[in-house]
Amino acid sequence: MANLYLNEALSETRAGELIELSGPEAKHVTTVSRAKVGDDLLVGNGRGLRAWGVIETIEAGRVEVRVSSVREDSAATPGLVLVQALAKGDRDELAIQAATELGVSRIIPWAAARSVSRWEGQKKEKGRARWETIVREASKQSIRSFVPPVDEIVSTAALAALAAEHRVLLLEPSATDKLSDFDPASDGPRGDIVLVVGPEGGISKEELATLTAASARAVRLGETVLRTSSAGPAALAVLNVALGRW
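Since we're looking at a predicted model, the values are computed, not measured.

**Points about the overall build of the chain**
Assigned secondary structure in the chain consists of six helices and ten strands. Here the chain has a C-alpha radius of gyration of 20 Å; the compact-globule value for 246 residues is 18 Å, and the two agree. Across its three principal axes, the chain shows a C-alpha extent of roughly 60 × 40 × 30 Å. Expressed as a percentage of the 246 residues in the chain, the buried residues total 43%. When contacts within the chain are restricted to residue pairs at least 6 apart in sequence, long-range pairs at least 24 apart make up 74% of them. In the form shown here, the chain has an accessible surface area of approximately 12,100 Å², with 50% of it arising from carbon and sulfur atoms. Charged side chains in the chain number 30 positive and 33 negative. The centres of these two groups are separated by 3 Å.

**Quick look at the pairing of strand S2 (residues 18–22)**
Burial of the side chains of S2 is restricted to one face: Ile19 and Leu21 are buried, whereas none of Leu18, Glu20 and Ser22 on the reverse face is. Pairing analysis gives five bridges linking S2 to strand S5 (residues 62–72), with the strands arranged antiparallel. The residue of S5 that forms the bridge with Leu18 is Arg66.

**Digging into the environment of Gly232**
Tracing the backbone through its elements, the reader meets Gly232 in helix H6 (residues 228–242). On the basis of relative accessible area, Gly232 is assigned to the buried category, the value being 0%. Sequence-wise, Gly232 and Gly121 are 111 residues apart; in three dimensions their C-alpha atoms are separated by 27 Å. The residues touching Gly232, leaving out its near neighbours within four places in the chain, are Leu82, Leu171, Leu195 and Val197.

**Some thoughts on the domain arrangement of the chain**
When its domains are assigned, the chain resolves into domain 1 (4–72) and domain 2 (80–243). Using only C-alpha atoms to locate each centre, domain 1 and domain 2 end up separated by 33 Å. Listed per partner, the contact involves ten residues of domain 1 and eight residues of domain 2. A buried area of about 860 Å², summed over both sides, lies between domain 1 and domain 2, and 51% of it is on carbon and sulfur atoms. For the pair domain 1 and domain 2, the number of links is three salt bridges. Measuring nitrogen to oxygen at the nearest pair gives 2.7 Å for the salt bridge that ties Arg136 to Glu8. Considering only residue class, the side of domain 1 that touches domain 2 consists of three nonpolar, two polar and five charged.

**Thoughts on the UniProt feature "domain: Ribosomal RNA small subunit methyltransferase E PUA-like" (unreviewed entry) in the chain**
Taking the numbering used here, the UniProt-annotated feature "domain: Ribosomal RNA small subunit methyltransferase E PUA-like" (unreviewed entry) corresponds to residues 21–67. This span, residues 21–67, is 21% helix and 51% strand, and a straight line between its end C-alpha atoms measures 13 Å.

**Some details on the sheet that holds strand S1 (residues 4–6)**
Read from one edge to the other, the open sheet built from five strands follows the order S1-S3-S4-S5-S2, with strand pairing classed as mixed. Where the open sheet ends on each side, the last strands, each with one partner, are S1 and S2. Strand-to-strand twist across the sheet, computed as the mean angle between neighbouring axes with direction ignored, equals 45 degrees. Strands S1, S2, strand S3 (40–44), strand S4 (49–59) and S5 of the sheet are contacted by helix H1 (residues 23–32), whose axis makes an angle of about 95 degrees with S2.

**Some remarks on unusual backbone geometry**
The peptide bond linking Thr77 to Pro78 adopts the cis configuration, its omega dihedral lying at 0 degrees. Note on placement: Pro78 falls in the loop between S5 and strand S6 (80–85).

**A short note on the packing of helix H2 (residues 91–101) against H6**
As a packed pair, H2 and H6 sit with axes 7 Å apart at the nearest point and diverge in direction by 15 degrees. Here H6 runs roughly parallel to H2, going by the angle between their axes. Crossing angle aside, the handedness with which H2 passes H6 is right-handed. Residue-level contacts link Arg91, Leu94, Ala95, Ala98 and Ala99 of H2 to Thr228, Ser229, Pro233 and Leu236 of H6. Class assignment of the residues belonging to the contact of H2 with H6 gives a composition of six nonpolar, two polar and one charged.

**Section: the packing of aromatic side chains**
All chains considered together, the criterion is met by one aromatic pair. Between Trp119 and Trp131 the ring centres are 5.1 Å apart and the planes differ by 75 degrees, which places this aromatic pair in the edge-to-face class. One end of the pair, Trp119, is in the loop between strand S7 (106–110) and helix H3 (123–141); the other, Trp131, is in helix H3, with twelve residues separating them in the sequence. Residue Trp131 is classed as buried on the basis of its relative accessible area, which comes to 1%.

Analysis parameters
- Throughout, residues of each chain are indexed from 1 in the direction in which the sequence is written.
- Local features in a predicted model are, by the rule used here, given only for residues with pLDDT of at least 70; side-chain atom pairs are given and counted only at 80 or more, and totals for whole chains, interfaces and linings are based on all residues.
- Hydrogens and water are ignored here; the side-chain numbers use all heavy atoms of the structure.
- Under the DSSP-based scheme used, a helix requires at least four consecutive residues in state H or I and a strand at least two consecutive residues in state E, with every element numbered from the N terminus.
- Here the radius of gyration uses the C-alpha set of atoms, whereas the globule reference equals 2.2 Å times the residue count to the power 0.38.
- Here's how the labels work: a residue is buried when its accessible area is under 20% of the maximum for its type, exposed when over 50%, partly exposed in between, all with a 1.4 Å probe on protein chains only.
- It only takes one pair of heavy atoms within 4.5 Å for two residues to be counted as in contact.
- Methods summary: accessible areas were calculated by the Shrake-Rupley approach with a probe of 1.4 Å, and residue burial reflects only the protein chains presented.
- Under the convention used here, Asp and Glu are negative, Lys and Arg are positive, and both His and the chain ends fall outside the count.
- Here the site of a charge means NZ on Lys, CZ on Arg, CG on Asp, or CD on Glu.
- Whether two strands pair comes down to DSSP finding at least two bridges between them.
- For the domains described, the bounds stem from an automatic or database domain assignment.
- As a working definition, buried area equals the accessible area (1.4 Å probe) given up by two parts on being put together, with both sides summed.
- By convention in these notes, a salt bridge is any Lys or Arg side-chain nitrogen within 4 Å of a carboxyl oxygen on Asp or Glu.
- Throughout this entry, Asp, Glu, Lys and Arg are counted as charged residues, while Ala, Val, Leu, Ile, Met, Phe, Trp, Tyr, Cys and Pro are counted as nonpolar. The remaining residues, Gly among them, count as polar.
- UniProt positions are given in the numbering used here, feature names are shortened, and annotations may be inferred rather than shown by experiment.
- What counts as an axis is a line fitted to C-alpha atoms, over the stretch in contact for a helix, and the angles between N-to-C directions run from 0 to 180 degrees.
- What sets the label is the angle itself: under 35 degrees gives roughly parallel, over 145 gives roughly antiparallel, 65 to 115 gives roughly perpendicular, and the rest give oblique.
- Left-handed describes a crossing whose near helix is turned anticlockwise from the far helix by less than a right angle; the clockwise case is right-handed.
- Two aromatic rings, drawn from Phe, Tyr or Trp (for Trp, its six-membered ring), form a pair once their centres lie within 6.5 Å of each other, and the interplanar angle then sorts them: stacked below 30 degrees, edge-to-face above 60, tilted otherwise.

Right, dumping it as structure tokens:
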């Protein structure tokens, strides 16, 4: 399969037309992939449109592709949303990278009570921009039709408000209910399925109380305790099976 490159400005195209890659994407074609004129290339806009074609022109900072076929995908419903608590080191980054490869539709950074890492002041936008870059690259690597958006960082109160519109599942090792017993069709098509993953120290008792009072449901993955970097991706795998996507 051809490598995927992104042109977010691409809105529509047809077989026979020329589309262009520029900037870092064009540089990646030539210096990393070492592609040449006549090679196959796949270009997407990150919003469902994907175009297959053949490289026709390579110039400094610009690559032109002659489109041979086009496909436009619809977003999967319900969406799978990952609320990932900020974590020290690169554990939260590992989580969102794997989650993107596993089909997450939206990512929400969470300033949990026990988060060691903090996004404050200018760090808020820098941190989100860093996550957006990780998600973008993971989307390309996994050849996804959609690049999941990364929201602004939220508080616990904001997460509680999500439960009014979506099904919110708290990944909590001490929970009685298992995630594998959750039936996505049990309470109808109400909104997305939101997975909440705490930081290294877990979700605090106060946060659990606030979120469960707002109709969030605590569930566990198994008998062992997973790291914050692996809990979200593991839960997404379970839900992909439950939804019949795998």
